[in-house]
Amino acid sequence: MKMLMTGAAAGALFFIAAPTYAQTTTPTAPKAGQAESDTIDTVVVTGYRGSLTKARKLKRESNVIKDVIVAEDMAKFPELNLAESLQRLPGVQINREAGEGRRISLRGLGPDFARVQLNGMEVLGNVDSAQDSRGQRSRDRAFDFNIFASELFSRVEVEKTYQAAQHEGGMAGTVGLFTGKPFDYPSGTKGAVSVKLGTNEYTKDTQPRIAALYSRNWDDKFGVALSIAYGKRETTEQGHNTYNYSKPSASTLAGLVTKGLNISKLSSAQQAKFLSGDLYFADGNRISSWNAKMERLGLTAAVQWKPAENVLLTLDALHGQFTTERSELHLATRPLASTGSVAFDTAASTVWPAAFQTNSVINNIAWDSTNYVTMTDVTNMTFGSENRRSRNENRFDQLVLTGKWDVSERLSFDGHIGYEKSTYKTPYDDKLYMRAKGNLIANYGSDGRSASFQYPGWDTTNPANYALDSFYYRGFNNSSELKEAVFNGRYSLSDVWTLRAGVAYHEFTQDGIDKFYDDNVNGTRSKMRGKPVADVTTVFTNNFGSWLIGDYAKTFAKYNEYHRFGPNTDGTGGALQDIENVYTTSEKTTSVYVQADWDSDIAGKRFRGNVGLRGYQTDTNSTGWIQGDSYAYLGTTDVDGSYSGVLPTLNTVLEMTPEVLVRFSATQNLNRPGMGSMAAKGSAFKDDTSGEISASRGNPNLKPYKDTTLDLAVEYYFGNVGLVSAGVFQKDVKNFIGSADYSTKDNNALTFAQAGIPISSIPGATANTIINDFSMPINIDGTQRIKGIELAGQAQFTFLPAPFDKFGMQANYTSLDIPEKITGISKTSYNATVFYETDLWGARASLSHRDLWYSGRNDSVMSASTRGFEAGTYVDASAFWNVSKKLQLTLNGINLTNQKDTQFWGQNRYLYNQNQSGATYMVGLSYKF
């Protein structure tokens with residue numbers, strides 16, 4: 001903080017001193033730091049090199065530390081996915097699903113801390129994940145970049161340092177997405193059409209991808225730009241996985257042996273170890289496939305109008321649809337009369353066929369030094385065949401009106417008003433279960449980090465080995481809504497100083513509901529369990545095996561079933577009981593700022609930057625269900641919160657030479673708490689024996705995360721493309737969120753009124769009734785420090801003899817020093833792109849690597865709360881051939897090495913989930929006019 005204030009004071013000193021320096025500059029001469037040749041020569045560069053040149057220019061001219069990606073041409077972003085483009089920038093890490101980039105982590109902080117803006121307005125949009133282990137669906141502040149096709153955008157900017165003129169929030173940085181505008185293109189008509197067809201080595205489907213952009217500019221007086229992007233593809237992720245682990249107690253295991261579990265084939269030492277209760281077993285030995293049919297549609301429209309030479313109005317509209325039909329298929333250990341989903345079972349009840357009424361025989365077992373079982377050989381194991389189907393519908397709509405009025409050469413105003421809505425709906429997310437009886441040898445290797453499953457002595461595709469189980473029915477609905485208004489003024493005080501000020505209003509609301517209708521309530525268990533499967537199944541095969549799965553259409557028809565959340569027309573099924581995550585959270589923020597920008601000389605060197613303050617006032621509210629046993633609704637809680645503050649910022653740029661820039665920034669910013677922590681939903685229970693009351697809820701009164709960040713960077717620009725940069729940064733972050741417990745044992749118990757729990761949740765309670773145990777999220781004391789180094793470079797190798805002078809390279813490296821408390825980040829990541837480009841053809845190959853990273857941490861060696869992802873390296877490539885000046889042929893390859901995506905649990909990094917999604921290849925034609 002002391003350094004921040006010192007920097008701000010220095011900025012104020014320059015406010016006084018700068019006019020003196022400015023007098024030494026000749027008005028007709030270029031600014032210090034601007035080469036003479038820059039004012040005379042214009043070099044036109046196209047293609048990938050052209051996009052690097054344009055991006056470099058925007059980075060160089062910025063007063064904040066910024067990285068930029070610019071489209072190579074209309075409807076031609078460098079990569080097929082925005083996240084995959086962003087990972088080419090230093091400090092950016094992405095996660096992929098089914099081989100496609102989804103979310104970004106930025107400068108040592110996770111996806112929730114990177115704010116995304118679309119055409120100047122904040123954007124929030126979530127899609128779902130195929131796997132529960134990745135947090136399948138959640139309401140949060142992160143943005144999923146696979147909602148939109150990359151062809152819709154003309155550039156992406158990542159502002160890594162904060163300035164007062166920017167909205168508060170996005171503590172890791174702000175990612176700006178920009179769609180094409182008619183005034184971006186010359187007068188007249190301009191357009192482009194791109195058609196691609198692709199396939200994946202696993203799915204072998206035809207994946208069409210179509211994009212078109214049309215722009216009409218009437219002499220920069222009026223213009224219209226329209227674009228459409230449509231894509232359809234099938235994906236699959238295949239591999240081995242577990243649910244994590246199970247540790248049965250000695251008494252549980254002894255009880256299973258008493259019931260008939262046969263361990264006689266084990267040695268006496270193995271039997272003793274098995275019965276000790278010390279062993280950790282893989283819970284759910286599965287071969288799996290996550291298959292999806294995805295359809296993406298994006299539409300943009302931009303209208304620009306200059307009613308006068310000094311007035312510009314822009315209306316931007318964007319509509320996005322992302323729909324996924326998913327089937328999730330597993331063959332997993334699923335005992336009927338054992339514990340958890342371990343790989344051994346006892347005899348099932350008589351509702352099951354005779355084959356199921358047999359005990360498992362454990363033939364062999366092995367474990368490591370921490371008692372994790374690395375191998376089991378079991379006869380008569382019970383399996384579950386799960387066919388999970390879901391439909392996920394994502395919709396996004398945004399409308400933004402932006403205006404700019406240049407009142408005079410010195411005074412101008414600008415601003416925008418906008419509205420957006422994002423919905424995520426899962427009309428059905430159902431499971432069809434069958435059971436099977438067979439043998440399994442599961443081997444996780446000596447270190448527990450690999451998987452090999454064998455099914456000796458039984459046919460996994462024979463219906464005689466299976467029996468039906470039941471249906472589960474589920475559905476989810478989430479929505480976000482944002483209203484925003486911004487008004488800014490800018491006044492040029494002198495040739496050096498410009499004063500900026502503004503006010504903004506931001507209103508955000510998010511709500512949702514989750515419904516679960518399990519088989520014990522919906523009635524399907526009683527009429528289906530144990531029945532034969534011969535006429536309701538199909539054989540499923542992937543690269544890891546073949547097995548039988550239940551067929552929805554056939555099973556629905558046979559048992560008069562359908563997706564439902566209430567009793568069947570045949571009378572089976574009771575009332576829907578399990579309704580969860582019912583809450584609405586809103587934030588209303590008013591903010592004001594003042595910022596002074598300067599552009600002067602100091603000791604003959606150009607010195608520019610800005611210094612400012614931004615004040616904010618945020619009011620929060622959340623209502624949510626309080627639930628009890630069997631998810632019973634007990635009442636609705638309604639909690640308000642508020643916080644306010646002032647954020648100082650300083651950004652400076654000193655041009656040591658026309659080619660060398662030194663940047664220093666000292667800023668404070670915030671990040672609003674996660675939606676789940678703020679949600680007022682909770683639970684309340686009263687013990688029938690003791691009469692003690694326990695309750696919990698979220699906390700809308702949480703304060704935001706706050707950081708103090710220092711940045712220092714040096715940039716060297718050379719040639720038409722060349723750039724080498726090195727930067728260091730330090731973030732001190734406070735107001736992290738933990739859990740607070742209030743109890744009568746600690747003499748700090750709260751009443752119902754103090755806890756914000758409705759008295760209706762517990763019969764007989766009053767506002768003054770004591771809650772014996774109450775917990776909720778709170779801000780915790782302490783500061784976490786993040787330090788990082790970012791290195792980047794790009795160049796065309798013009799110094800090489802022809803034809804090698806057409807080669808070029810772009811690369812970056814990021815190293816982070818982060819506390820264990822902060823998860824979701826790799827400590828090291830790097831990217832490299834090698835390109836070769838002529839006027840006729842070109843090609844490039846890209847490599848992206850991030851080290852292992854944790855999604856959760858726990859001090860216990862064997863806790864499944866510790867989990868994460870192993871290091872991964874992805875390789876992509878593309879090429880083009882200009883058939884003519886207007887027609888281009890393209891080729892793309894994504895995930896060429898078919899990289900394994902491996903999740904682990906525990907400090908020993910035991911295998912949790914390992915899958916592959918295959919390489920994707922696309923060929924395309926693009927035509928511009």
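Being a predicted model, the structure only gives us computed values, none of them experimental. (Residues numbered from 1 in each chain as written. Predicted model: local features only at pLDDT ≥ 70, side-chain atom pairs only at ≥ 80, totals over all residues. Heavy atoms only, no water.)

1. Points about the overall build of the protein
At step 1: On a plain count of helices and strands, the protein comes out with 10 helices and 45 strands.
At step 2: Scaling as 2.2 N^0.38, a compact globule of 929 residues should have a C-alpha radius of gyration of about 30 Å, and the protein matches this with 30 Å.
At step 3: Dimensions along the principal axes, computed over C-alpha positions, put the protein at roughly 95 × 75 × 55 Å.
At step 4: Here the protein holds 929 residues, and the buried ones make up 57% of them.
At step 5: Counted over contacts in the protein with a minimum sequence separation of 6, partners at least 24 positions apart contribute 72%.
At step 6: As displayed, the protein has an accessible area near 36200 Å², and 55% of this comes from carbon and sulfur atoms.
At step 7: Side chains of the protein carry 94 positive and 96 negative charges; the gap between the two charge centres is 2 Å. (Helix = DSSP H or I, 4+ residues; strand = E, 2+ residues; numbered from the N terminus. Rg over C-alpha atoms; globule rule 2.2 N^0.38 Å. Buried < 20%, exposed > 50% of the residue type's maximum accessible area, 1.4 Å probe, protein only. Contact = heavy atoms within 4.5 Å. Areas by Shrake-Rupley, 256 points an atom, 1.4 Å probe, with all protein chains shown as cover. Lys, Arg positive; Asp, Glu negative; His and termini not counted. Charge placed at Lys NZ, Arg CZ, Asp CG, Glu CD.)

2. Some words on unusual backbone geometry
At step 1: That bond from alanine 802 to proline 803 is cis: its omega, 5 degrees, falls within 30 degrees of zero.
At step 2: Tracing the sequence through the fold places proline 803 in the loop between strand S35 (783–796) and strand S36 (807–817).
At step 3: With phi around 55 degrees, aspartate 220 is a residue other than glycine that occupies positive phi space.
At step 4: Tracing the sequence through the fold places aspartate 220 in the loop between strand S9 (207–218) and strand S10 (222–241).
At step 5: Residue classification places aspartate 220 among the partly exposed residues on the basis of a relative accessible area of 35%.
At step 6: Positive phi, close to 120 degrees, is recorded for asparagine 244, a residue that is not glycine.
At step 7: Note that asparagine 244 resides in the loop between S10 and strand S11 (245–246).

3. Thoughts on the pattern of salt bridges
At step 1: Throughout the structure, instances matching the rule amount to 50 salt bridges.
At step 2: With a closest N to O distance of 2.6 Å, arginine 785 and aspartate 732 form a salt bridge. Placement of the pair is arginine 785 in strand S35 and aspartate 732 in strand S30 (residues 722–734), with a sequence separation of 53 residues.
At step 3: On the basis of relative accessibility, which here comes to 43%, the residue arginine 785 falls in the partly exposed class.
At step 4: Through salt bridges with shared partners, a single ionic network connects Lys59, Asp67, Arg107, Lys160, Arg663, Asp711, Glu715 and Glu790. (Salt bridge = Lys/Arg side-chain N within 4 Å of Asp/Glu carboxyl O.)

4. Observations concerning helix H5 (residues 268–275)
At step 1: Of all the residues in H5, the buried ones are Gln270, Lys273 and Phe274. Here the buried residues of H5 occupy an arc of 100 degrees about the axis, which is enough to place them on one side.
At step 2: Looking at the buried positions of H5, the neighbouring elements they touch are helix H4 (250–259), strand S12 (281–282) and strand S15 (361–367).
At step 3: Immediately beyond the C-terminal end of H5, within one or two residues, lies glycine 277, with a positive phi of roughly 80 degrees. (Arc of directions from axis to C-beta.)

5. Brief notes about the sheet that holds strand S4 (residues 114–118)
At step 1: Pairing is mixed across the open sheet formed by five strands, whose spatial order is S1-S6-S7-S4-S5. At either end of the open sheet lies a strand with only one pairing partner, and these are strand S1 (66–70) and strand S5 (121–122).
At step 2: In the sheet, S4 pairs with strand S7 (residues 173–179) via five bridges, with the strands oriented parallel. Within S7, the position partnered with leucine 118 by the bridge is leucine 177.
At step 3: Packed on one face of the sheet, helix H2 (residues 47–61) meets S1 and strand S6 (153–159) and runs near 150 degrees to S1. (Pairing = 2+ DSSP bridges. Axes fitted to C-alpha atoms, helices over the stretch in contact; angles between N-to-C directions.)

6. A closer look at the pairing of strand S25 (residues 633–655)
At step 1: Across 21 bridges, strand S24 (residues 605–627) lies against S25 in antiparallel orientation. Paired with valine 611 across the two strands is leucine 650, which belongs to S25.
At step 2: Following S24, the chain reverses through five residues before pairing antiparallel with S25; serine 630 in that reversal takes a positive phi of roughly 55 degrees.

7. As for the confidence of the model for the protein
At step 1: Looking at the protein as a whole, its pLDDT mean stands at 91, while 93% of the residues score no less than 70.
At step 2: Confidence drops under pLDDT 50 across residues 1–44; counting only partners more than four residues distant or on other chains, this segment forms 49 contacts. (pLDDT = per-residue confidence, 0-100.)

8. Considerations on the nonpolar core
At step 1: Phe274, Phe344 and Tyr466 are the most contacted members of the largest nonpolar core, which totals 55 residues.
At step 2: With five residues, strand S17 (residues 411–443) is the largest single contributor of residues to this core.
At step 3: The residues contacting phenylalanine 274, other than those within four sequence positions of it, are Leu253, Val257, Leu261, Ile263, Leu279, Phe281, Phe344, Ile362 and Ile365.
At step 4: Within the second largest apolar cluster, 44 residues are counted, among which are Leu82, Ala149, Ala172 and Phe729. (Core = buried A, V, L, I, M, F, W, Y, C linked by side-chain atoms within 4.5 Å.)

9. With respect to a negative patch on the surface
At step 1: Where like charges cluster on the molecular surface, the negative patch consists of Asp629, Asp687, Asp688, Glu692, Asp741, Asp746 and Asp773.
At step 2: Structurally, aspartate 687 is set in the loop between strand S27 (682–686) and strand S28 (693–697). (Patch = residues over 30% accessible without salt bridge, like charges linked within 9 Å, V, L, I, M, F, W, Y side chains within 5 Å.)

10. Notes on a nonpolar patch on the surface
At step 1: A surface patch of nonpolar side chains, amounting to about 800 Å² of accessible area, comprises Leu197, Leu840, Trp841, Trp881, Val883, Leu889, Leu891, Val923 and Leu925.
At step 2: Broken down by secondary-structure element, the contributors of at least two residues to the nonpolar patch are strand S42 (887–894) and strand S45 (920–928).
At step 3: By the element assignment, leucine 889 lies in strand S42.

11. Brief notes about the environment of glutamate 97
At step 1: Relative to the assigned elements, glutamate 97 resides in strand S2 (residues 92–97).
At step 2: The exposure class assigned to glutamate 97 is buried, which follows from its relative accessible area of 10%.
At step 3: As for glutamate 97 and threonine 236, which are separated by 139 residues in sequence, their C-alpha atoms are 9.7 Å apart.
At step 4: Within polar-contact distance, the side chain of glutamate 97 engages the side chain of arginine 102 at 3.0 Å. (Polar contact = N/O pair within 3.5 Å; in protein donor to acceptor, adjacent residues only side chain to side chain.)

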